Amino acid sequence: MDPNRVIIFDTTLRDGEQSPGISLNATEKLEIAQQLARLGVDVIEAGFPIASPGDFQAVQAIAREVRGPVIAGLARAHAADIERAAEAVKDAERPRVHTFISTSDIHIEHQLQSTREDVLGQARAAVAHARSLVEDVEFSPMDATRADVEFTAEVIQAAIDEGATTINVPDTVGYTMPAEYAAFLGRLYELVPALAGVVLSVHCHDDLGLAVANSFAGLQSGARQVECAVNGIGERAGNASLEEVVMLLRTREADIGLTTAVNSREIARASRLVSRLTGYPVQPNKAIVGRNAFQHESGIHQDGVLKERSTYEIMSAASVGVDDVNSIVLGKHSGRHALRSALMELGYEVNGQSLNQAFKRFKELADKKKQVTAMDLEALVTDELRAETAAYTLEWFDVEASTRRPPHATVSIVAPDGETMRGDFTGDGPIDAIFRAINAATRREARLREFRIDAVTGGQDALGEASVILELSGSTAAGQAVSTDIIEAAALAYVRALTNVEQKVLLAADEDAGEPVLTRAP
Ligand code: KIV
Ligand code: ZN
């Protein structure tokens, strides 16, 4: 392989999915994985198969259906984890097992309650076991940047001896700094000459806002794989953001000399899809994918860009696919064929019943909105995806709201078993009333943790996109929905969050083989 080619290892569906409140179902994960393949990432870390049956099934579906990238499954350094991960990825074109164990004394002493000697033995056994099941094995000494470099080197040497093909050095808690990380990796190269014969990978968290800078320092020290996530999502403050790493390498290629195989024009679409399905908004000033990333506010800047774009822009909006969104516009009279072509251009192959449903939603929207943009279409298609998997259905609702009386809501919900349930509530505001009416109907004591409503596009007739995070019996999960009526969007998002949180509670009970925790209130 070209020594200047950087492998983009995407962990949106694994580390990214570990962000609080994110609960993607298998269909949503597959949709994201297909977009990652269009984006041209080299490796998709599809999940942590031992974590739950749902995780296993999602990784397996991605391995079976997504073509192009290597599909990796994560596993602790335990035989059962490794076997589960290998089983989940076995139908991929190119399967990988990624196994890890901590090498820092903090983790060894307090979390693993073990010894260095034992960790060394476990790492060796894990890689050997993984290699007996798959050809492509990645090993990570977790919390490496806070570990003793000599001991980490010893563990890495053992992993390479047992056949690891990629060695990833994680900055698990986002603690290191660029020069320090570079020195750490440089020392590992000295201590383990065999490291030059495998792929060295970097995996940086953003607790101090240095994830991309540290990853870049790693590349300059010889690493040729970067682990990153779309929109920088991940544990706590997140992972290095994929779009920032890729566009840094592309924009400064003449100086850095490193390349990737990413089709950067798919970045904006990947970012929107991940944001919409996870319910994690992208901050407006976020590099590359924030809505202001290519906007010029000051008159001086606008004047400069109108005369010559390079005066204030170091890359074009087109290079990350932002312009695509503005070029697809449908109107009230557009037909089924135009809708299908627009969806194809957006990367959605919609036929048969799904096309009929999409067309129905499009017509309803076109009656209320002069121009339906690509952003609207994407929002509708992803909304349909969620509707397909929602166990509860919002049949109808009534909300009476005025400044003279407390708002009152009545809802009718169809439960997963087909039972129709009604509930009503007088709340502090119309949204509060409808949320509590849904709790009353379903006899669940779900607690609202977060609620947001955003406009999909600008304009008074914009679609509203609601996002809800709920807590039930110690589990949290999110739900999202779009509608031109923001109360309807909020109610649908609540009902979907309820579906997701119930599934999480049931899974948690399954894992603990514990008591049934989901009983309806009397
Ligand atoms: O941050 C970390 O150390 C990880 C490992 C599992 C690679 O996510
Ligand atoms: Zn991580």
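Residues numbered from 1 in each chain as written. Chains lettered and ligands numbered in written order. Predicted model: local features only at pLDDT ≥ 70, side-chain atom pairs only at ≥ 80, totals over all residues. Heavy atoms only, no water.

Overview of the pattern of salt bridges
With the rule as written, the count across this model stands at 35 salt bridges. Between Arg 452 and Asp 454 there is a salt bridge; the shortest N-O distance is 3.1 Å. On the basis of relative accessible area, Arg 452 is assigned to the partly exposed category, the value being 24%. For Asp 454, a relative accessible area of 32% corresponds to the partly exposed category. Through salt bridges with shared partners, a single ionic network connects Arg 272, Arg 276, Glu 378 and Glu 465. (Salt bridge = Lys/Arg side-chain N within 4 Å of Asp/Glu carboxyl O. Buried < 20%, exposed > 50% of the residue type's maximum accessible area, 1.4 Å probe, protein only.)

A closer look at helix H1 (residues 26-39)
Helix length check: H1 (14 residues) gives 20 Å between terminal C-alpha atoms against 20 Å at 1.5 Å per residue, within 8%. If you check the start of H1, you find a side-chain oxygen 3.1 Å away from the backbone N of Thr 27, and it comes from Asn 25. (Helix = DSSP H or I, 4+ residues; strand = E, 2+ residues; numbered from the N terminus. Expected span 1.5 Å × (residues − 1). Polar contact = N/O pair within 3.5 Å; in protein donor to acceptor, adjacent residues only side chain to side chain.)

What about the coordination of the zinc ion (ligand 2)?
Donor atoms from the polypeptide that coordinate the zinc ion (ligand 2) comprise Asp 15 (OD), His 203 (NE2) and His 205 (NE2), at 2.0 to 2.1 Å from the metal. Taken in sequence order, the residues that donate to the zinc ion (ligand 2) follow the motif D-x187-H-x1-H. Placement of Asp 15 in the loop between strand E1 (7-10) and H1 and of His 203 in strand E7 (residues 199-204) is noted, with a sequence separation of 188 residues between them. Overall, the relative accessible area of 2% leaves Asp 15 in the buried class. A relative accessible area of 5% means that His 203 is categorised as buried. (Donors = N, O, S within 2.8 Å, 3.2 Å for Na, K, Ca; no water.)

Quick notes on the state of the cysteines
Under the criterion given, the structure shown has zero disulfides. With no disulfide of its own, Cys 204 lies closest to Cys 228 among cysteine sulfurs, the gap being 10 Å. (Disulfide = S-S within 2.5 Å.)

What to know about the nonpolar core
Grouped together as the largest cluster of nonpolar side chains are 114 residues, with contacts concentrated most on Ile 167 and Val 169. Broken down by element, the residue count for this core peaks at eight residues, all from helix H6 (residues 149-161). Filtering out sequence-adjacent residues up to four positions away, Ile 167 remains in contact with Phe 139, Ile 156, Ala 159, Ile 160, Leu 195, Val 198, Val 199, Leu 200 and Ser 201. (Core = buried A, V, L, I, M, F, W, Y, C linked by side-chain atoms within 4.5 Å. Contact = heavy atoms within 4.5 Å.)

Focus: the sheet that holds strand E16 (residues 475-483)
Spatial ordering of the open sheet is given by E14-E15-E16, a layout of three strands whose pairing is antiparallel. The sheet is open, and its two borders are formed by strand E14 (447-455) and E16, each paired with just one other strand. Pairwise comparison of adjacent strand axes, ignoring direction, gives a mean angle of 15° for this sheet. Here nine bridges tie strand E15 (residues 464-472) to E16, and the two strands are oriented antiparallel to one another. For Leu 470, the partnering residue across the bridge sits in E16 and is Ala 477. Lying over the sheet, helix H16 (residues 374-389) contacts E15 and E16, oriented at roughly 135° with respect to E16. (Pairing = 2+ DSSP bridges. Axes fitted to C-alpha atoms, helices over the stretch in contact; angles between N-to-C directions.)

Description of the site of ligand 1
Neighbouring ligand 1 are Arg 14, Asp 15, His 98, Phe 100, Ser 140, Met 142, Asn 168, Pro 170, Thr 172, His 203 and His 205. Take Arg 14: an N or O atom from its side chain is 2.9 Å from an oxygen atom of ligand 1. At a separation of 2.6 Å, an oxygen atom of ligand 1 approaches a polar side-chain atom of Thr 172. Expressed as a share of its isolated accessible area of 260 Å², the protein-covered part of ligand 1 is 95%. Taken together, the elements giving at least two residues each to the shell around ligand 1 come down to strand E4 (95-102), strand E5 (136-142) and strand E6 (166-171). (Near = heavy atom within 4 Å. Areas by Shrake-Rupley, 256 points an atom, 1.4 Å probe, with all protein chains shown as cover.)

Observations regarding the packing of aromatic side chains
Taken as a whole and assessed by the stated rule, the structure comprises three aromatic pairs. Ring geometry for Phe 435 against Phe 451: centres 5.4 Å apart, planes inclined by 85°, an arrangement best described as edge-to-face. In this pair, Phe 435 is assigned in helix H17 (residues 430-442) and Phe 451 in strand E14, connecting sequence segments 16 residues apart. A residue is classified by how much of its surface remains accessible, and Phe 435, at 4% relative accessible area, is buried. Feature note: the residues Phe 435, Phe 451 and Tyr 494 constitute an aromatic cluster, connected by ring pairs. Arg 84 extends its terminal NZ or CZ atom over the ring of Phe 56, reaching a point 3.8 Å from the ring centre. (Phe/Tyr/Trp six-rings, centres within 6.5 Å; stacked < 30°, edge-to-face > 60°. Lys NZ or Arg CZ within 6 Å of the ring centre and 35° of its normal.)

Quick word on unusual backbone geometry
Phi at Asp 143 is positive, roughly 60°, even though this residue is not glycine. Assignment of secondary structure puts Asp 143 in the loop between E5 and H6. Judged by relative accessible area, Asp 143 falls into the buried class, the value being 0%.

Section: the domain arrangement of the protein
When its domains are assigned, the protein resolves into domain 1 (7-278), domain 2 (327-387) and domain 3 (390-512). The partner domain 3 presents twelve residues to the 13 residues of domain 2 that form the contact. Summing both partners gives a buried area of about 1100 Å² for domain 2 against domain 3, and 52% of it is carried by carbon and sulfur. A per-residue breakdown of the area domain 2 buries against domain 3 is headed by Lys 369, Asp 383 and Arg 386, which together make up 43% of the total. Our enumeration of links across domain 2 and domain 3 arrives at one salt bridge. Put simply, Asp 383 and Arg 496 hold a salt bridge, and the shortest N to O gap is 2.7 Å. Applying the counting criterion to the domain 2 and domain 3 interface returns three residue pairs in polar contact (both at pLDDT 80 or more). At the level of secondary structure, the elements contributing two or more residues to the side of domain 2 that touches domain 3 comprise helix H15 (352-368) and H16. For the side of domain 2 that touches domain 3, the leading source of residues is H16, giving seven residues. Among the residues making up the side of domain 2 that touches domain 3, the classes are represented as five nonpolar, one polar and seven charged. (Domains from an automatic or database assignment. Buried area = accessible area lost by both parts, 1.4 Å probe. Nonpolar A, V, L, I, M, F, W, Y, C, P; charged D, E, K, R; others polar.)

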